[in-house]
Structure formats: structure tokens, C-alpha cells
Amino acid sequence: MTPRPALAFVSLVLIAGAVLLIFLTLLGGAIDKNPTNQFYFLEADTNGLGSAAPLTRWTFWSSCSAMDGRNTCPGVKAAYPFDPRRNFGTDDIFGGTKYYLESRFMFAFVLIGLFFAVCALFLGIIALVSRIGSFLGSATCSVALFFQTLTAALMTAAYVQGRNAFRADGRTATLGRYNFGFMWAAVACLFLATLMLCVGGVTGKKDKGYSSRTGGRKFFGRKKSTKSNRDRGSFIDPERQRRMEKEDDD
């Protein structure tokens, strides 16, 4: 029995997990509900910086203040950039094009990755019954993996550098453990799902050159038995064969 259905099922679970983790990250800062109002990329001391609150948390949608461990976001905007100078209207802290572009591209890439992950989820259902579905699911999942990896890499580059810059200015700053955990866990899930779908497609392929019934090989679509079914004499006319045997006896 081919292991393809089992591998496809595990892949479906992994892809579904990755989609859920990406959605949770996206919803952080967009919906003021528990637990999404606890999700953020970076929390930093911004006391005295322009229009900033004493404590600020950055999400995909806004720079939020923190109250009782929860995000309080005054307004949401898609692809909100991580750039303290632009965010707070001040020149007293670091900022610049580097952080701005990293955070903006990060939002675009996560949406693309999410789209392909959802497509891979549906193709994974086909993979349960079809080897072609396994290969198509693997290809689609690999695209999702590519963009999700880019997103996680940009997230890490932007916010780790931002945390270090805040600390260098004598301010406290911490990374959001939930968002970082979700994003890199989604990368791991998509990687394993891509690998399993590919393996499922390869192992589900039947060996066209082997006959399980005869134990022999097939050549050009025909079976070559290890034991001949007829001897050479069976093609000779019976009457003629008897005469030849009689002459041999004489």
C-alpha cells in the first residue's frame, strides 16, 4: 500500500496550521479582541518621542499603545510601516528608508504567501487520492514557503535591528514572542508539508518495469516470464514430430 494518503493527510494538517498561524499574526493590531490584541512585533519605550505613547507596540496595521498588556490601536492602516520618525513625527530617534521598505514589503509578501498556502490546502485534498495532486500541492506549497520565508526574514531583520537601536538609545525594547513564534513556525510547517507532498508523489508512483505477479521484468509493456511457457517443439506439427521421433529410434 502506498504511503501517499498518510503523507498527504499530515501535510494537510501542517498547511492548515501554517494558515492559522499567519492569520493570527495578521489579525494582531487589526481586531481589538483577546487573544489577538496581545500580538505585536516590537514593544519599545517611546516616552517623550513626538506624538508617541509612553509604550508603543508595532503590528501590521498600526503603532499601538499598551494598556494592561493589551494593544490599544487608535486606527488601522494596511501595511503600516515600521519607521519611528514617520510614525511619531520626530527626528529624535532612528528611522529611514531601510526599516520603511522592509516592513512594507513584509506585508505584501505575507499576503502572497497566505494565498498560495490556501491554494496548497485545497490541492492537498486532491493529493489524498492522486499522485498528480501531490506534485501540484508540493509545487504550490513551495511558493507559499518562499514568500513566507521572505516575510519572516524581513520581519527579523527590521524588528531585531529596531530593538537594538532602541536599546542603544537607552530605552527598553522587546520582540513580540507570539508573532515571531507564529511566523517562523509557519515557515517550518510549510517546509515539512512541501517535503511530504513531494515524497508522497514519488513513492506513489508504480514501478512500470516490474511485474509483482510473475516476479519478472516488463519490456516495452510486455511481461518477460522467468520460465518459458512453451518449449520449442510445441510449434512443430504433431504428425511430423512423431515421424521424426520414429526415424530417430531407427
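Residues numbered from 1 in each chain as written. Predicted model: local features only at pLDDT ≥ 70, side-chain atom pairs only at ≥ 80, totals over all residues. Heavy atoms only, no water.

Please explain the pairing of strand β2 (residues 55-58) as it appears in this structure.
Looking along a regular strand, one sees side chains alternate from face to face of the sheet. In this structure, strand β1 (residues 42-45) lies alongside β2, joined through 4 bridges in antiparallel fashion. Counterpart to Leu-42 in the pairing with β2 is Trp-58. Sheet topology places β2 next to strand β3 (residues 63-67); 3 bridges connect them, and they run antiparallel. Looking across to β3, one finds that Trp-58 is bridged to Ser-63. (Pairing = 2+ DSSP bridges. Helix = DSSP H or I, 4+ residues; strand = E, 2+ residues; numbered from the N terminus.)

What exactly am I supposed to notice about helix α4 (residues 131-168) here?
An α-helical turn contains 3.6 residues, so any two residues separated by three or four positions project in the same direction. Over its 38 residues, α4 extends 54 Å from the first C-alpha to the last, a length consistent with the 56 Å expected when each residue adds 1.5 Å. For α4, the N-terminal cap is Ser-130; the gap from its side-chain oxygen to the backbone nitrogen of Ile-132 is 3.2 Å. (Expected span 1.5 Å × (residues − 1). Polar contact = N/O pair within 3.5 Å; in protein donor to acceptor, adjacent residues only side chain to side chain.)

Where do I start with the state of the cysteines in this structure?
Disulfide: a covalent bond connecting the sulfur atoms of a pair of cysteines. Throughout the structure, instances matching the rule amount to 1 disulfide. The disulfide partner of Cys-64 is Cys-73, and the gap between their sulfur atoms is 1.9 Å. Across the disulfide from Cys-64 to Cys-73, rotation about the S-S bond amounts to roughly 90 degrees, and the bridge is consequently right-handed. Cys-73 sits in the partly exposed class, given a relative accessible area of 26%. No disulfide involves Cys-141; its sulfur sits 9.6 Å from the nearest other cysteine sulfur, which is in Cys-189. (Disulfide = S-S within 2.5 Å. Buried < 20%, exposed > 50% of the residue type's maximum accessible area, 1.4 Å probe, protein only.)

Sorry if this is basic, but what is going on with the packing of aromatic side chains here?
Any pair of aromatic rings gets described here by the distance separating the centres and the angle formed by the planes. Within the structure shown, the criterion is met by 16 aromatic pairs. An aromatic cluster of at least three residues, connected via ring pairs, comprises Phe-41, Trp-58, Phe-60, Trp-61, Phe-82, Phe-88, Tyr-99, Phe-107, Tyr-159 and Phe-166. For Arg-86, the ring lying beneath its charged end belongs to Tyr-100, and the centroid distance is 4.1 Å. (Phe/Tyr/Trp six-rings, centres within 6.5 Å; stacked < 30°, edge-to-face > 60°. Lys NZ or Arg CZ within 6 Å of the ring centre and 35° of its normal.)

Which parts of the structure should I look at to understand the environment of Ser-142?
Turning to its location among the elements, Ser-142 is positioned in helix α4. Sequence separation between Ser-142 and Leu-195 is 53 residues; the distance between their C-alpha atoms is 8.8 Å.

Got a minute to help me understand the pattern of salt bridges in this structure?
Close approach of charged atoms allows side chains with opposite charge to pair. This structure, assessed with the given rule, holds 3 salt bridges. Salt-bridge contacts for Arg-57 lead to Glu-43; the nearest nitrogen and oxygen are separated by 2.7 Å. One end of the pair, Arg-57, is in strand β2; the other, Glu-43, is in strand β1, and 14 residues separate them in sequence. The two residues Arg-57 and Glu-43 agree in class, both being buried. In this structure, Asp-169 and Arg-171 form a salt bridge, with 3.0 Å as the shortest nitrogen-oxygen distance. A relative accessible area of 40% places Asp-169 in the partly exposed class. (Salt bridge = Lys/Arg side-chain N within 4 Å of Asp/Glu carboxyl O.)

I tried to follow unusual backbone geometry on my own but got confused; where do I start?
For residues that are not glycine, phi is negative in most cases, and the peptide bond is trans in most cases. Of note, the bond from Asn-34 into Pro-35 is cis; its omega dihedral lies within 30 degrees of zero at 10 degrees. Its place among the elements puts Pro-35 in the loop between α1 (4-27) and β1. Here the phi dihedral of Asp-68 falls at roughly 55 degrees; this positive angle occurs in a residue that is not glycine. Assignment of secondary structure puts Asp-68 in the loop between β3 and β4 (70-72). Accessibility expressed as a relative area gives 75% for Asp-68, which makes it exposed.

Everything listed here is a matter of geometry and, on its own, says nothing about what the molecule does.
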